[in-house]
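The residues making up each chain are set out below.
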Amino acid sequence: MSAPDSAQTSRWIETRMPVWQQLASRIKTLESDRTTDPEVIRETLRLYPELARDIAIARRVAPEGQLVRMLEGTYACVHQLVYQPPRNLTESLRRLVHHDLPVILYAMRWRLLSVTLLFVLSTLAGWMLVMAWPQTAGLFASPEMMDGVEAGELWTDHILHSTPSSVISAGIFTNNVSVAFLSIGIGVLFGLGTIYIIGLNGVMLGAVFALTAQHDLAGRLFNFVIAHGVVELSAIVLCGTSGLVLGESLARPGMKTRRQAFRDAAGDAARIGLVCGVFLIGAGIIEGYISPNPAFPLALRTLVGIGYGLLLFWVLAGTPSRQEIREGRWFSRFCQSAAD
Amino acid sequence: MSESINIASVTGIDVRMRIAGPGARSYAFIIDWHIRLLIALAWFLLGIILYGMGSASFEIQGLHSSWFFMVLLPALAIYTFYHPVLEILMAGRTPGKRMAGVRIVTLEGHVPGIGALIVRNLLRFVDSLPMFYALGLLCTMVTSQSVRVGDLAAGTVLIYDRPAGDTVKNLTEASLNRIGLQQNDLVRDLVSRWDELRPEVRRDLGEKLLMQLGVDIRGVKSDEVLFARLNLLLK
């Protein structure tokens with residue numbers, strides 16, 4: 001079959017040009033307006049295979065030419081419009097909460113246990129370090145903090161006098177969300193970055209509690225921490241676990257390719273990170289409004305802390321109904337989701 | 001290194017999307033970085049002025065929560081959430097990407113979902129390690145599809161965004177009858193790159209092209225006349 005000559009090509013382009021222009025304007029309409037007349041959609045679908053034929057012809061006439069590139073651009077737009085998966089934010093959220101989160105949590109349960117253990121052991125290490133060598137507290141606390149503690153005052157005691165609750169909350173949740181996301185992202189260093197962050201946070205917590213315990217202030221610090229700390233520490237551990245899984249996907253991808261394993265782990269980590277981020281905002285608000293306010297008694301703080309913590313795990317467990325919990329069916333659903 | 005992603009379609013003709021390289025990515029990023037920095041700074045400075053703090057030193061006497069929420073937090077939010085928010089709202093584009101002529105798509109060629117765009121932006125700070133996006137840039141240079149860590153994780157790729165019907169208006173029947181489609185392509189390429197080429201190179205290329213097309217170039221002394229002759233072929 002001989003290649004068409006210039007005159008034939010010109011005639012063909014001239015004939016097809018109005019169709020391409022019409023298609024281009026329809027694409028623009030369809031991209032900007034989702035409530036287009038069904039007739040426009042039908043017409044665009046009819047022109048889709050015609051455009052494919054035009055590309056085949058254009059590729060033969062001028063394989064890498066501008067006409068081919070233009071037609072391919074138009075073709076890609078139509079293809080995208082035709083095959084774009086439907087979007088439903090409500091359904092995505094429902095699936096995230098009822099299905100994805102329990103599946104992810106179940107799959108990472110042993111890593112979650114490992115990271116929790118790492119955090120607990122680091123906290124104990126920090127505690128013992130400062131208890132055995134009190135001078136090492138200077139590694140974890142600023143001189144002003146240490147002076148205050150030695151004078152029998154916590155750095156949190158007068159925080160409301162100098163800074164409004166709203167500012168404290170915003171500052172705290174920004175910082176916590178950053179740390180949580182950092183502990184996920186830094187997992188790409190084969191999990192080592194996450195281990196470092198979790199270990200460091202644990203050691204610091206233990207050391208600060210030891211420092212206050214040496215001056216009989218640990219109870220007051222616990223009083224301050226309990227309302228927000230349950231969710232805050234759980235979220236950091238959860239995000240750390242996601243970071244570790246991310247690192248593991250690179251180190252030993254198993255049956256998947258390294259790229260696919262990384263992509264899957266990142267998707268899971270993002271879901272966990274999203275939920276933790278939302279809960280950390282709440283924890284920041286509690287830390288700004290309830291934790292530093294002496295008007296709230298310990299019992300109420302404990303109730304808030306444990307209640308909020310349970311809410312986090314209720315969401316992560318797939319928001320089981322009361323009946324499911326009563327009949328013990330939620331755990332089987334939890335495992336079933338993971339098996340699906 | 002792949003130059004394009006090819007997606008099989010029911011018609012038998014692959015959908016071909018050209019992958020944007022590190023240059024186009026960096027160009028888009030630099031534009032975006034300037035835009036978000038300028039908007040965030042503008043908000044911050046306007047806020048300072050409105051709050052009467054625009055004196056010689058920007059010292060803040062006493063931290064007021066309204067100041068924090070109205071001035072500092074929005075400025076930080078603009079800077080931090082510029083990419084994820086705009087990429088979600090503009091279907092994988094940002095003003096910088098639009099100006100650089102690129103956009104984000106999934107490996108299947110679709111507009112990425114919210115989840116993928118969040119993952120992509122969550123890992124932005126990994127790409128920025130140790131500084132100035134060195135890791136991300138290096139990654140785009142060594143990966144087959146010129147992607148950074150965030151793209152690898154999200155399953156996305158940056159492609160050249162060619163709007164539908166982009167060059168149709170520049171093809172005329174007269175020009176095609178005179179010089180044919182392939183030559184029309186060559187002339188158009190040269191004309192579009194005229195200002196970017198060194199004068200001796202563009203002159204050499206222009207003369208060769210015109211001679212090949214049988215155009216008499218005797219007496220053509222200046223660049224302007226040569227350029228006009230080339231343009232005439234496209235009319």
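Every chain is numbered on its own, with residues counted from 1 as its sequence reads. For this description, chains carry letters from A and ligands carry numbers from 1, given in the order in which they are written. Local features in a predicted model are, by the rule used here, given only for residues with pLDDT of at least 70; side-chain atom pairs are given and counted only at 80 or more, and totals for whole chains, interfaces and linings are based on all residues.

1. Here's the deal with the overall build of chain A
The helix and strand labels rest on DSSP assignments: H or I over at least four residues marks a helix, E over at least two residues marks a strand, and numbering proceeds from the N terminus. Per the secondary structure count, chain A includes 14 helices and zero strands. Starting at the N terminus and walking to the C terminus, you meet the elements of chain A as α-α-α-α-α-α-α-α-α-α-α-α-α-α. Taken over C-alpha atoms, the radius of gyration is set against a globule rule of 2.2 Å times the number of residues to the power 0.38. Against the globule reference of 20 Å for 340 residues, chain A gives a C-alpha radius of gyration of 29 Å, more extended than a compact globule. Expressed as lengths along the three principal axes of its C-alpha atoms, the size of chain A is roughly 95 × 45 × 45 Å. To sort residues by burial, count the other C-beta atoms lying within 10 Å of each one's C-beta; a count of 20 or more means buried, 12 or fewer means exposed, and anything in between means partly exposed. C-beta atoms are built from the backbone. Relative to its 340 residues, chain A shows a buried fraction of 40%.

2. Quick word on the confidence of the model for chain B
All names here are of chain B. pLDDT expresses, on a scale from 0 to 100, how confident the predictor is about each individual residue. Overall, the predicted model of chain B reaches an average pLDDT of 85, with 88% of residues at or above 70. A low-confidence stretch, residues 56-61 (pLDDT under 50), is modelled with three contacts involving residues beyond four sequence positions or located in other chains. Confidence estimates for the predicted assembly give a pTM of 0.78 and an ipTM of 0.75. Note on contacts: each residue gets a C-beta atom placed from the backbone, and two residues are in contact if those atoms are within 7 Å.

3. Here's the deal with the interface of chain A and chain B
Each partner contributes to the interface: chain A provides 51 residues, whereas chain B provides 42 residues. Of all the secondary structure elements, the ones that give two or more residues to the side of chain A that touches chain B are helix 1 (6-32), helix 2 (38-61), helix 3 (66-83), helix 8 (165-185) and helix 11 (258-289) of chain A. Considering each element in turn, the side of chain A that touches chain B owes the most residues, 13 residues, to helix 3 of chain A. Along the lines of polarity and charge, the residues of the side of chain A that touches chain B split into 30 nonpolar, 16 polar and five charged. Only Asp, Glu, Lys and Arg are considered charged in this grouping, and only Ala, Val, Leu, Ile, Met, Phe, Trp, Tyr, Cys and Pro are considered nonpolar; every other residue, Gly among them, is considered polar.

4. Section: the environment of B:Ser146
All names here are of chain B. Here Ser146 lies in the loop between helix 6 (134-142) and helix 7 (149-154). By the C-beta count within 10 Å, which is 22 here, Ser146 ends up buried. Separated by 27 residues in sequence, Ser146 and Val119 have C-alpha atoms that sit 18 Å apart.

5. Observations concerning the pairing of strand 4 (residues 156-160) of chain B
All names here are of chain B. Along strand 4, four of the five residues are buried, which leaves the element largely enclosed by surrounding structure. Following DSSP output, two strands are said to pair if at least two bridges run between them. Two strands pair when backbone bridges link them, and strand 3 (residues 102-106) and strand 4 are joined in this way by five bridges, in the antiparallel orientation. For Ile104, the partnering residue across the bridge sits in strand 4 and is Leu158.

6. Here's the deal with the nonpolar core
By convention in this section, buried Ala, Val, Leu, Ile, Met, Phe, Trp, Tyr and Cys residues joined through C-beta atoms within 7 Å make up a nonpolar core. Counting residues in hydrophobic clusters, the biggest one holds 95 residues, and the most contacted among them are A:Ala180, A:Ala235, A:Ala266, A:Cys276 and B:Val119. The element that contributes the greatest number of residues to this core is helix 11 of chain A, accounting for 13 residues. Each residue touching A:Ala266, except ones within four places of it in the same chain, is listed here: A:Leu246, B:Val119, B:Leu123, B:Ala153 and B:Ala154. By size, the runner-up hydrophobic cluster in this structure holds 13 residues, among which are A:Val130, A:Val208, A:Phe209 and A:Leu211.

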